[in-house]
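Each chain is listed here by its residues.
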Amino acid sequence: MRLGWSDQWILERSEDVRNPVLLYLHGGPGTSQLTSNRRNTRHLEKYFTVVNWDQRGPASRTARSAIPAG
C-alpha cells in the first residue's frame, strides 16, 4: 500500500471480509513481525479482519522496499 512517499507493507487476513477490522501495530524496533503475527492472530480471523501493519524501520519490509535496486 502506498502511504505518503513510501510503500507500506501490510498483511490482511479474515474468514469474512465483512468482519470489523482489527489493526495490529507492533512495537519494534528490530525485525518484521508479519510471520509471527500471522501465526499468533490466526484465531482472531474468525471474528475480525486482522490487519498487521509492518513498522517502518531498518529491518522491516517497508524499509527494504525503499532501498534502490542496484
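Worth saying up front: this structure is predicted, and the values here are computed from it rather than measured. (Residues numbered from 1 in each chain as written. Predicted model: local features only at pLDDT ≥ 70, side-chain atom pairs only at ≥ 80, totals over all residues. Heavy atoms only, no water.)

## Concerning the overall build of the chain
Turning to step 1, where the next piece is worked out: Within the chain, the secondary structure is distributed over two helices and five strands.
Turning to step 2, where the next piece is worked out: Per-residue burial over the chain gives 23% buried out of 70 residues.
Turning to step 3, where the next piece is worked out: Taken as a whole, the chain presents about 5,100 Å² of accessible surface, with 57% of it coming from carbon and sulfur. (Helix = DSSP H or I, 4+ residues; strand = E, 2+ residues; numbered from the N terminus. Buried < 20%, exposed > 50% of the residue type's maximum accessible area, 1.4 Å probe, protein only. Areas by Shrake-Rupley, 256 points an atom, 1.4 Å probe, with all protein chains shown as cover.)

## Some words on the side chain of threonine 41
Turning to step 1, where the next piece is worked out: With respect to the element layout, threonine 41 can be found in the loop between α1 (34–40) and β5 (49–53).
Turning to step 2, where the next piece is worked out: Judged by its relative accessible area of 9%, threonine 41 falls in the buried class.
Turning to step 3, where the next piece is worked out: Discounting residues that sit within four places of it in the chain, threonine 41 has contacts with Val50 and Asn52. (Contact = heavy atoms within 4.5 Å.)

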